[in-house]
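Examining the three-dimensional arrangement
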Amino acid sequence: MGMTDKQFNGFIRFILDDLTEVIANMPDGKEREKLQKVIDNLQQILED
């Protein structure tokens, strides 16, 4: 059974919220930059 678009977008928002919380507590560095790219890509999915 697949997800509807609305369910998928809700899942992405849930992940984005958690990742945003994690990155807020991370020191600057390569790992933070990589995680920011993931956040940016997920945000782009929601905007498309």
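Another aspect to go through is the overall build of the protein chain. Each helix and strand in the protein chain was counted, giving two helices and zero strands. A principal-axis box enclosing the C-alpha atoms of the protein chain has dimensions of 40 × 15 × 15 Å. Looking at the protein chain residue by residue over its 48 residues, the buried ones come to 17%. Accessible area for the protein chain stands at about 4100 Å²; split by element, carbon and sulfur atoms hold 54% of it. Positive and negative side-chain charges in the protein chain, numbering 6 and 10 respectively, have mean positions lying 3 Å apart.

Here the focus is the nonpolar core. Membership of the largest hydrophobic core is limited to eight residues, which are I12, L16, L19, I23, L35, I39, L42 and L46. For this core, the secondary-structure elements that each account for two or more residues are α1 (5-24) and α2 (30-47). With near-sequence residues (within four places) excluded, L19 lies in contact with L35, V38, I39 and L42.

Here we take up a nonpolar patch on the surface. On the surface, a nonpolar cluster with roughly 500 Å² of combined accessible area is contributed by M3, F8, F11, F14 and I45. If you tally residues by element for the nonpolar patch, the top one is α1, at three residues. Note on placement: M3 falls in the segment before α1.

Turning to its location among the elements, G10 is positioned in helix α1. Overall, G10 belongs to the partly exposed group, its relative accessible area being 36%. In this structure the C-alpha to C-alpha distance between G10 and I23, which are 13 residues apart in sequence, comes to 20 Å.

Turning our eyes to something else, we now look at α2. Taking 1.5 Å of rise per residue, 18 residues should cover 26 Å, and α2 covers 26 Å from first to last C-alpha, within 8% of that figure. Within the sequence span of α2, burial applies to L35, I39, L42 and L46. The buried residues of α2 all sit within an arc of 65 degrees when viewed along its axis, so they share a single face. Of the residues in α2, the exposed ones pointing more than 90 degrees away from the buried face are K30, E33, K34, K37, N41 and E47. In this structure, the buried residues of α2 make contact with α1.

Each value, and the rule that gives it
- Residues numbered from 1 in each chain as written.
- Predicted model: local features only at pLDDT ≥ 70, side-chain atom pairs only at ≥ 80, totals over all residues.
- Heavy atoms only, no water.
- Helix = DSSP H or I, 4+ residues; strand = E, 2+ residues; numbered from the N terminus.
- Buried < 20%, exposed > 50% of the residue type's maximum accessible area, 1.4 Å probe, protein only.
- Areas by Shrake-Rupley, 256 points an atom, 1.4 Å probe, with all protein chains shown as cover.
- Lys, Arg positive; Asp, Glu negative; His and termini not counted.
- Charge placed at Lys NZ, Arg CZ, Asp CG, Glu CD.
- Core = buried A, V, L, I, M, F, W, Y, C linked by side-chain atoms within 4.5 Å.
- Contact = heavy atoms within 4.5 Å.
- Patch = residues over 30% accessible without salt bridge, like charges linked within 9 Å, V, L, I, M, F, W, Y side chains within 5 Å.
- Salt bridge = Lys/Arg side-chain N within 4 Å of Asp/Glu carboxyl O.
- Expected span 1.5 Å × (residues − 1).
- Arc of directions from axis to C-beta.

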